[in-house]
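Listed here are the chains, written in short residue letters.
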Amino acid sequence: MRASFVVSGVATGIRRNMTMTIALILSTAIALAFVGAAILADREIANFKHDYEGKLNVSLYLCPPPVQVLKPQRNCKALLDQAEKNAKKSGKSVATEWRKLWGQEKDALAAQLAKDPIVTGVSFVSEQEAVDRYRKTVPPLVARTTQVGDLPASYTITLQNIKTDYDKFVARYQTQPGVSGTTNESSVLKTLLNVIDGVRLFSIMIAVVVLIASILLIANTIQVAAAQRKNETSIMRLVGASRWMTELPFMLETVVATFVGGLIALGLIAAGKQFVLNNVFEVPVQNGVIPNLDTNDILVAGGFGVIAGILLAAITAFATLRLYVRL
Amino acid sequence: MIRLDDVSKVYPAGARPALEKVSVDIDKGEFVFLIGPSGSGKSTVLRLLLREELPTKGTVVVDNRNVGKMPNRKVPDLRRRIGCVFQDFRLLPKKNVFENVAFALEVINKSPRVIRRTVPEVLDLVGLTGKAQRRPGELSGGEQQRVAIARAFVNRPLLLLADEPTGNLDPDTSQGIMSLLERINRTGTTVVMATHDNNIVDAMRRRVIELDNGRVIRDQNRGVYGVGR
């Protein structure tokens, strides 16, 4: 088949059917952008799971220093009350007595944790370290206004099985002296993963709807184009052009439009990733709390979209030509 | 070259058959007029030969191929051996004369070199030398039909089918087209021409096959349009 003849036929066809081609380009761009977004969300979830697999811990927070807390609750109130009593007896300051008691309770907890069979690892995070870590995840302005003592010290604990042992762990330690609370990182992470999963599902739904619109648009475009070129194709058939020769220009036109749409989608995906991960979640991404996506991820998502789009366009065009158009 | 053997054709919507038990043999190199009133089945015969239609019954053989039993993928090859000319010329208005003729070669994958050589030759044959760059809209009816004939003949077909090629032309111009078809016939190409034009048929004195209501009612060598009319 003479490439130049086919190419010039395709170019003429696109020029003649410009508005429809533009509509097709735009709708495939949107559809494929959502396909890409779904793929990116999927990769992000995978990255998250990979990054945090086996690293999920439970935090056991100790009572914060009383000056920072207006009304200490439960265990911490008991601790403060005891410190005030001791201060009256000894004549030392409440803060000194509090720190002494706090230290004893902290050590008692350490001893209990070390003996606990469901606990496989314990590490102590001091107030200083807690603040240091926090500062890494927030914008500089917030980081500057956070002081040591704003955040409590804690034990970071690895449980043998975080899913089954967490409730047991809470029941055992929630009421211990010196404990202000516990958190489960996996539940925080789960919320985040649910959000990303929601984004993925939403993208898939939009992609499906817009893809259906694109398929119908391809079918319509081809029927209109075939009607416009009835003269030409009937002559082609009469002089013995093969079926491929008559159909190929129509198929190529839709494939070219889809390819351009796919490239635009790639741009949209790159822009969307830039906006969400590099602007909205700038700091946590920079510090590695939220896994970043690189150019490779964008190319994979966009490239998959482009290839899938082209295949879909070619198949739709082929089916339309065979089923609905008599060339 | 052509054999129709007991051919009937019934269109799905038609109450009566378009062709009924038609048997005709046409040899290589013959010039045959297919005559008869509108609806007598002339066009149906041409459509069967081109395999635009399939016979309901009987066999249609063109160049030793059973057209009715031919698989779809072989149809283009059959059509490359058949040239077609119509009453309404069917030229592409946006292409010039050269491009209109070249189009027939391009779509069957002839090389640009072959096209550059063949198209001027055939334009010369039909008497359109010097008009290669004109568009159909700039030509007279007779000249447009010459372009159509050039396009039909450029691939040197074995068989040329002409469906009322002079239907839109005045008698003088028609005469020119007929001598052109005759010249093509002299190169060995079989010509089958459906027509209403009694003057032409009478003047040419070639084989005449007359159809009426889908039946062959006359098949006469060196015939005229209407016997005793």
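Residues numbered from 1 in each chain as written. Chains lettered and ligands numbered in written order. Predicted model: local features only at pLDDT ≥ 70, side-chain atom pairs only at ≥ 80, totals over all residues. Heavy atoms only, no water.

A short note on the overall build of chain B
We count it as follows: Helix numbers and strand numbers start at the N terminus; a helix is a DSSP run of H or I with at least 4 residues, a strand a run of E with at least 2. Restricting the calculation to C-alpha atoms gives the radius of gyration, and the globule rule supplies 2.2 Å times the number of residues raised to the power 0.38. Relative accessibility decides the category of a residue: with a 1.4 Å probe and only protein chains considered, values under 20% of the type maximum give buried, values over 50% give exposed, and everything between is partly exposed. Any pair of residues with heavy atoms lying within 4.5 Å of one another is described as a contacting pair. The method behind every accessible area is Shrake-Rupley, applied with a 1.4 Å probe, and residues are considered shielded solely by the protein chains displayed.
Within chain B, the secondary structure is distributed over 7 helices and 10 strands. For 229 residues, the compact-globule estimate of 2.2 N^0.38 gives 17 Å, and the C-alpha radius of gyration of chain B, at 17 Å, lies within 12% of that figure. The buried share among the 229 residues of chain B stands at 52%. Relative to all contacts within chain B whose residues are 6 or more apart in sequence, the contacts with residues 24 or more apart total 67%. With the model as given, the accessible surface of chain B reaches about 10400 Å², and the carbon-plus-sulfur share is 45%.

With respect to the interface of chain A and chain B
How big an interface is tends to be expressed through the accessible area that disappears when the partners come together. Selection rule: Buried area counts how much accessible surface, traced with a 1.4 Å probe, disappears from two parts once they are put together, with both parts' losses summed. The salt bridge criterion pairs a side-chain nitrogen of Lys or Arg with a carboxyl oxygen of Asp or Glu, the two atoms within 4 Å.
On the chain B side, the residues contacting the 14 residues of chain A number 20 residues. For the pair chain A and chain B, the summed buried area comes to about 1700 Å², and 63% of that belongs to carbon and sulfur atoms. At the surface where chain A touches chain B, the tally comes to 1 salt bridge. A salt bridge links R237 of chain A to E52 of chain B, with the shortest nitrogen-to-oxygen separation between them at 3.6 Å.

Points about the sheet that holds strand β2 (residues 19-26) of chain B
What holds strands together in a sheet is hydrogen bonding between their backbones, with the strands either parallel or antiparallel. Residues and elements named next belong to chain B. In plain terms, the rule: The rule for pairing is simple: two strands pair if DSSP sees at least two bridges between them. Convention adopted: a line fitted to C-alpha atoms gives each axis, helices being fitted over their contacting stretch, and angles between N-to-C directions are expressed from 0 to 180 degrees.
Read from one edge of the open sheet, 4 strands run β2-β1-β4-β5, paired in antiparallel fashion. What marks the edges here is a single partner per strand, and that holds for β2 and β5 (65-66). In this structure, strand β1 (residues 2-9) lies alongside strand β4 (residues 57-62), joined through 5 bridges in antiparallel fashion. Counterpart to I2 in the pairing with β4 is V62. This element, helix α1 (residues 42-49), spans β1, β2 and β4 of the sheet and lies at about 120° to β1.

Re helix α6 (residues 171-186) of chain B
Residue and element names in this part refer to chain B. Short version of the rule: Expected span of a helix: the number of residues minus one, times 1.5 Å. Any pair of N or O atoms that falls within 3.5 Å is considered a polar contact. Within protein, one atom must be able to donate a hydrogen and the other to accept it, and sequence-neighbouring residues count only if both atoms are side-chain atoms.
Look at α6: 22 Å from first C-alpha to last across 16 residues, which is about the 22 Å you get at 1.5 Å a residue. The set of residues buried in α6 consists of S174, G176, I177, M178, L180, L181, I184 and N185. Buried-residue contacts for α6 involve β3 (31-35), α4 (112-125), α5 (141-153), β7 (159-163), β8 (190-195) and α7 (198-204). The residue sitting at the N-terminus of α6 and contributing the capping side-chain oxygen is D170; that oxygen lies 3.1 Å from the backbone nitrogen of D172. Once α6 ends, the next one or two residues include G188, with phi positive near 105°.

Here we look at the environment of D27 of chain B
All names here are of chain B. Here D27 is to be found in the loop between β2 and β3. Residue classification places D27 among the exposed positions, given a relative accessible area of 51%. Separated by 172 residues in the primary sequence, D27 and N199 have C-alpha atoms spaced 25 Å apart. Setting aside its immediate chain neighbours within four residues, D27 contacts M1 and T190.

What about the state of the cysteines?
Residues and elements named next belong to chain A. This is how the line gets drawn: Note on terminology: disulfide denotes any pair of cysteine sulfur atoms within 2.5 Å.
Within this structure, the stated rule accounts for 1 disulfide over all chains. Each disulfide pairs two cysteine sulfurs, and for C63 the partner residue is C76, the sulfurs being separated by 2.0 Å. What sets the handedness of the C63 and C76 disulfide is the S-S torsion sign, and at about -90° it is left-handed. Here the residue C63 occupies a position in the loop between β1 (58-62) and α3 (74-90), and C76 occupies one in helix α3, the gap between them amounting to 13 residues. Taking the relative accessible area as the measure of exposure, C63 reaches 0% and is therefore buried. Note on C76: relative accessible area 8%, which makes it buried.

Here we look at the domain arrangement of chain A
Residue and element names in this part refer to chain A. Applied cut-off: How far each domain reaches was decided by an automatic or database domain assignment.
Looking at the assigned domains, one finds that chain A contains domain 1 (2-52 + 190-323) and domain 2 (58-185). Each partner contributes residues to the interface: domain 1 has 4 residues there, and domain 2 has 4 residues. Summed over both sides, the interface of domain 1 with domain 2 buries roughly 320 Å², with 61% coming from carbon and sulfur. The largest share of the area that domain 1 buries against domain 2 comes from V283, N287 and V289, three residues that together contribute 77% of it.

Thoughts on the environment of I118 of chain A
All names here are of chain A. Looking at the secondary structure, you find I118 in the loop between α4 (94-115) and β2 (119-125). Put simply, I118 and P140 are 22 residues apart on the chain and 38 Å apart in space, counted from C-alpha to C-alpha. In contact with I118, other than residues within four places in its own chain, are T158, L159, Q160, D165, K168, F169 and R172.

Examining unusual backbone geometry
Residues and elements named next belong to chain B. Of note in the backbone geometry, N64 takes a positive phi value of approximately 65° without being a glycine. Structurally, N64 can be placed in the loop between β4 and β5. The class of N64 is exposed, set by a relative accessible area of 75%. Positive phi values are uncommon outside glycine, yet N213 reaches one of about 50°. Among the structural elements, N213 can be located in the loop between β9 (207-212) and β10 (215-220).

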